[in-house]
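Each chain, written out:
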Amino acid sequence: MSELIYTRILLKLSGEALVGEGSYGIDPQILGRLAKEIAGLVQAGTQIGLVIGGGNIFRGASLAAVGLGRVTGDHMGMLATVMNALAMQDALENLQIQSRVMSALKIGQVCEEYSQRRAIRHLNNGVVTLFAAGTGNPFFTTDSAASLRAIEINAQLLIKATKVNGIYSADPLKNPSACFYPKLTYTRAIQENLQVMDAAALVMCRDHSIPLRVLNIHDSGALLQVLTGADVGSLVTT
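Quick summary incoming for the structure in this document.

Calculation criteria
- Residues numbered from 1 in each chain as written.
- Predicted model: local features only at pLDDT ≥ 70, side-chain atom pairs only at ≥ 80, totals over all residues.
- Heavy atoms only, no water.
- 1 Å grid on protein atoms, 1.4 Å probe; cavity = no way out; pocket = protein on both sides within 12 Å on 5 of 7 lines; lining within 4 Å.
- Points joined across faces, edges and corners; volume = space filled by probe spheres on them.
- Helix = DSSP H or I, 4+ residues; strand = E, 2+ residues; numbered from the N terminus.
- Nonpolar A, V, L, I, M, F, W, Y, C, P; charged D, E, K, R; others polar.
- Axes fitted to C-alpha atoms, helices over the stretch in contact; angles between N-to-C directions.
- Left-handed = near helix turned anticlockwise from the far one by under 90°.
- Contact = heavy atoms within 4.5 Å.
- Buried < 20%, exposed > 50% of the residue type's maximum accessible area, 1.4 Å probe, protein only.
- Pairing = 2+ DSSP bridges.
- Core = buried A, V, L, I, M, F, W, Y, C linked by side-chain atoms within 4.5 Å.

Focus on the layout of surface pockets
Taken as a whole, the largest pocket holds about 1200 Å³ of empty space. Every element with two or more residues in the lining of the largest pocket is listed here: α2 (60–65), α3 (70–94), α5 (142–152), β6 (157–162), β7 (167–168), α6 (186–191) and α7 (199–207). Class assignment of the residues belonging to the lining of the largest pocket gives a composition of 19 nonpolar, 17 polar and ten charged.

Focus: the environment of G229
Its place among the elements puts G229 in the loop between α8 (222–227) and β11 (234–237). Along the backbone, G229 and A132 are 97 residues apart, and their C-alpha atoms lie at a distance of 28 Å.

Describing unusual backbone geometry
Located in the positive-phi region is N154, a residue other than glycine, with phi close to 60°. Checked against the element boundaries, N154 lands in the loop between α5 and β6. Despite not being glycine, S209 has its phi angle at roughly 55°, a positive value. Checked against the element boundaries, S209 lands in the loop between α7 and β10 (212–216).

Side note on the packing of helix α1 (residues 28–44) against α3
Running from amino to carboxyl end, α1 crosses α3 at an angle of 65°, the nearest separation of the two axes being 9 Å. Read as a crossing pair, α1 and α3 show a hand that is right-handed. Contacts from L31, L34, A35, I38 and A39 of α1 reach α3 at A87, M88, A91 and L92. The residue makeup of the contact of α1 with α3, split by class, is nine nonpolar, no polar and no charged.

Concerning the pairing of strand β5 (residues 128–132)
Of all five residues making up β5, five are buried, and the element is well covered by its neighbours. Side chains V128, L130 and A132 project from β5 onto one buried face, and the interleaved T129 and F131 project onto a second face that is buried too. Where strand β2 (residues 47–52) and β5 come together, two bridges link them in parallel fashion. Considered in β5, the bridge of G49 is made with T129. Here strand β3 (residues 99–103) runs beside β5; their pairing, made up of five bridges, is parallel. When the sheet's bridge partners are listed, R100 is paired in β5 with T129.

Concerning the nonpolar core
Across soluble globular proteins, nonpolar side chains have a tendency to be buried as a group. One finds L13, M88 and I159 to be the most contacted residues of the largest nonpolar core, which totals 42 residues. Looking at this core, the elements with two or more residues in it are β1 (8–13), α1, β2, α3, β5, β6 and α8. The leading source of residues in this core is α1, at eight residues. Filtering out sequence-adjacent residues up to four positions away, I159 remains in contact with I9, L10, L11, K12, R213, L215, L223, V226 and L227. Of all hydrophobic cores here, the second largest spans 28 residues; its members include M102, L202, I210 and V214.

Take it as geometry only, folks, not as evidence of what the structure does.
Structure below.
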């Protein structure tokens, strides 16, 4: 195997990645496949921080759109990310991969409270560290949480794994003529409103010079290819 270019990453998965063929919830087969991909990265020597969205269960903004208070909806969305993180933790530990869930909300009977110093100790010990409950604040997305945690753990790369193979000028699933961007700057992504991540997340990555790689989570082996230097998906840099 080629030498690893990145030895500590923050991986951001959408909650929808866990759904499979259903419309909501967690597909055990998809969960198991993703856990095996992550286990492979750990066995290759990569330290992994992981953020999973909650859109497969609850999405705060969507709940607010149908009349629920935005703060309440966002808190429900945060709890959904905890549920996803616990599911992934269990799947990883079934593969003999040590993992810990750290929550930005205080729910000590379920998982650890987030601490930057403790998170780095976990990573140094080869423990997959799952960051749940977003930033702990309403109105902030899990994209922002992923950028924040990437900065706090000194990640060398932030990977956003989606349902498409990179960044396009429009949704390629809706517009087949959308233009693919193999590489671009954070400034361009923000100015053109490319919906890579929310603006706050992009600005944090830009200001802290953390590269962002966007790829298709369903492309088996893509994560390991990226860590060994392959040009997979789209790359956003300063």
